[in-house]
Number of protein chains: 2
Amino acid sequence: MTRTLYDLAGADPALRFSPFCWRTRLALAHKGLAVETVPWRFEEPLPDGCRTVPVLQDGAQVIGDSWSIACYLEEHYPDRPSLFGGAGGQAHARFINAWTDRVLHPVVARLVALDIHDCLAPQNQAYFRESRERRFGTTLEAFQEGREMALLEARALLAPARAVLERQAWLGGTGPSYADYIVFGAFQWLRCVSRFEPLAADDPVSDWRRRIMELHGGLAGAATRA
Amino acid sequence: MTRTLYDLAGADPALRFSPFCWRTRLALAHKGLAVETVPWRFEEPLPDGCRTVPVLQDGAQVIGDSWSIACYLEEHYPDRPSLFGGAGGQAHARFINAWTDRVLHPVVARLVALDIHDCLAPQNQAYFRESRERRFGTTLEAFQEGREMALLEARALLAPARAVLERQAWLGGTGPSYADYIVFGAFQWLRCVSRFEPLAADDPVSDWRRRIMELHGGLAGAATRA
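So, here is what we can say about the structure in this document. (Residues numbered from 1 in each chain as written. Chains lettered and ligands numbered in written order. Predicted model: local features only at pLDDT ≥ 70, side-chain atom pairs only at ≥ 80, totals over all residues. Heavy atoms only, no water.)

**Concerning the pattern of salt bridges**
All names here are of chain A. Stated precisely, the cut-off is as follows: Salt bridges are counted wherever a side-chain nitrogen of Lys or Arg sits within 4 Å of a carboxyl oxygen of Asp or Glu. Secondary structure counts use DSSP, requiring at least four H or I residues in a row for a helix and at least two E residues in a row for a strand, with both numbered from the N terminus.
In total, this model carries 30 salt bridges over all chains according to the counting rule given. One salt bridge in this structure joins glutamate 214 and arginine 210, with 3.0 Å as the shortest N-O distance. Taken together, the residues span about one helical turn, with glutamate 214 and arginine 210 both in helix 9 (residues 204-218) at a distance of four residues. Connected via shared salt-bridge partners are Asp207, Arg210, Arg211 and Glu214.

**Things to note about the relation of the copies chain A and chain B**
Here is the rule we go by: In superposing the copies, a least-squares fit is computed on C-alpha atoms, taking residues whose pLDDT is at least 70 in both. Any two residues whose heavy atoms approach within 4.5 Å at even a single point are treated as in contact.
When chain A is fitted to chain B, the best match, at an RMSD of 0.0 Å, comes from turning it 180 degrees and sliding it 0.0 Å along the axis. The operation mapping one copy onto its partner corresponds to a two-fold rotation axis. Within chain A, glycine 89 of chain A has its C-alpha nearest the rotation axis, a separation of 1.8 Å. A shared interface surface links the copies, since 100% of the contact residues of chain A are contact residues in chain B too.

**Section: helix 3 (residues 87-119) of chain A**
All names here are of chain A. Just so we agree on the cut-off: A helix's residues, less one, multiplied by 1.5 Å, set its expected span. Fitting axes to the seven residues ending at a residue and to the seven starting there, one defines the bend at that residue as the angle between these axes. Throughout, exposure labels follow a simple rule: accessible area from a 1.4 Å probe, protein chains only, divided by the maximum for the residue type, with under 20% read as buried, over 50% as exposed, and the rest as partly exposed.
Its 33 residues place the ends of helix 3 only 39 Å apart at the C-alpha level, less than the 48 Å of an ideal helix rising 1.5 Å per residue. Along helix 3, the helix axis deviates most sharply at valine 112, where the bend reaches about 65 degrees. Of all 33 residues making up helix 3, 25 are buried, and the element is well covered by its neighbours.

**Topic: the sheet that holds strand 4 (residues 61-64) of chain B**
All names here are of chain B. Worth spelling out the cut-off: Pairing between two strands requires that DSSP report at least two bridges joining them. Geometry is summarised by axes, namely lines fitted to C-alpha atoms with helices restricted to the contacting stretch, and by angles between N-to-C directions that run from 0 to 180 degrees.
With respect to topology, four strands assemble into an open sheet ordered 2-1-3-4, the strand pairing being mixed. The sheet is open, and its two edges are formed by strand 2 (36-40) and strand 4, each paired on a single side. With direction set aside, neighbouring strand axes in the sheet form an average angle of 20 degrees. The sheet strands contacting helix 2 (residues 66-76) are strand 3 (55-58) and strand 4, and the helix crosses strand 4 at an angle near 135 degrees.

**Observations concerning the packing of aromatic side chains**
Keep this limit in mind: To pair, rings of Phe, Tyr and Trp, with the six-membered ring standing in for Trp, must have centres within 6.5 Å; the planes then decide the type, stacked if under 30 degrees apart, edge-to-face if over 60, and tilted in the middle. Look at NZ for Lys and CZ for Arg. If either is within 6 Å of the ring centre and within 35 degrees of the ring normal, a charge sits over the ring.
Counting across every chain of the model gives 19 aromatic pairs over all chains. Their ring planes at 55 degrees and their centres at 5.5 Å tell us that tryptophan 67 of chain A and phenylalanine 84 of chain A sit as a pair that is tilted. Of this pair, tryptophan 67 of chain A sits in helix 2 (residues 66-76) while phenylalanine 84 of chain A sits in the loop between helix 2 and helix 3; the two residues are 17 residues apart in sequence, bridging distant segments of the chain. Residue classification places phenylalanine 84 of chain A among the buried positions, given a relative accessible area of 1%. The ring of tryptophan 22 of chain A is capped by arginine 25 of chain A, whose NZ or CZ atom sits 4.7 Å from the centre of that ring. Cation over ring: arginine 211 of chain B sits above tryptophan 170 of chain B, and NZ or CZ is 4.8 Å from the ring centre.

**Digging into the interface of chain A and chain B**
Applicable threshold: Simply put, the buried area is the total loss of 1.4 Å probe accessible area from both parts when two parts are fitted together. Residues adjacent in sequence count toward polar contacts only when both atoms are side-chain atoms; beyond that, a polar contact is any pair of N or O atoms within 3.5 Å, and within protein one must be able to donate a hydrogen and the other to accept it.
Taken together, the contact pairs 28 residues of chain A with 28 residues of chain B. Between chain A and chain B, a total of about 2200 Å² is buried, with carbon and sulfur atoms accounting for 70% of that surface. On the chain A side of the contact with chain B, His92, Arg94 and Phe95 of chain A bury the most area, a combined 33% of that side's loss. Seen at the junction of chain A and chain B, the total is eight residue pairs in polar contact (both at pLDDT 80 or more).

So far we have only geometry, and geometry alone does not tell us how the molecule works.
The structure is reproduced here in structure tokens:
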């Protein structure tokens, strides 16, 4: 069976930096499912009228949206390692998903908005700049310029994750779960587009990030960086 | 077997407002376990050298700390309804616990700091005022005076919970879990000490709060208010 993942790419087709697509790539690796990734750029067509990536084509099935894909994989591959550790794990992961989307991502976007722009394919840069500058209410340059202050805010916002990782090795408990991949996606996004280091070396979050980069044959650690 | 919960009380011994104790009371009710609550006030002695409530005495066992109590109940009463919905649910609930303690509680404290003070037993008021004013860096009166602005911040901070509750009835999924009780504890704290309304009527969080108040024979809804 052919399994294909449409994956956001930069000017360099090997540069795959979408935090949502990283959630899915790590979820597929967690399940031990091989996948062929297809570089996709903003505004290109996608199967089944999807508008955003990730989109997973699994045989005849097309699934869009990273959360829906994770639920699909958990349901359709129940004999593979669990992504959620049960129904409660799935329900509670949704909170971590929402926290990452609504709290963590906006701060990461601020840290590396200009770096993201600079690694995009030329035909995407105008769209990205226009849509993000409208959303942020300022230029990408001005937005990223304030990143030393945003960095302190980002580190403070990580307090709940840090508190958990001081007590257990993974957000998933004794082993990584999809919740780890959700939060990690934000760091991988940043790491792929930028050389900016958001974490202090002695932050437990930093150690956890390194351990996720080593999972699944070093999948995330080996990613192409801008 | 005698089961006793040491529960923070106000000047009125029937006024039980600790968010951490409410987590435990709802967890006990969820498990269908009867308990006798004992009113406790700051600085009074507790069993086994515990310094903070809740403390649960379950036969010969003494367990302090709301998270530890929840884990104890889940482990020792496995045939009762699950608090976490599996190992993944327990691991992920820890994130929701940390988020509530570190993000939500400080904002609720700001909304009702003076109201809390005013309902405490006279012998606790000086301690509370002194320790909180040192922590907040201002008087309780000044702190609470800015609460209309803090309210907007509190509502914005609820975005992850709101996003989840727009998609599923409970943080626990199709039924309430300990994660629901963790977050609800913050609202119950506020509701017991104050008449200040933190939520807009059309907020999905408001509807969820009402449904938790109705659970377990209306346990939380029937609580004494200041």
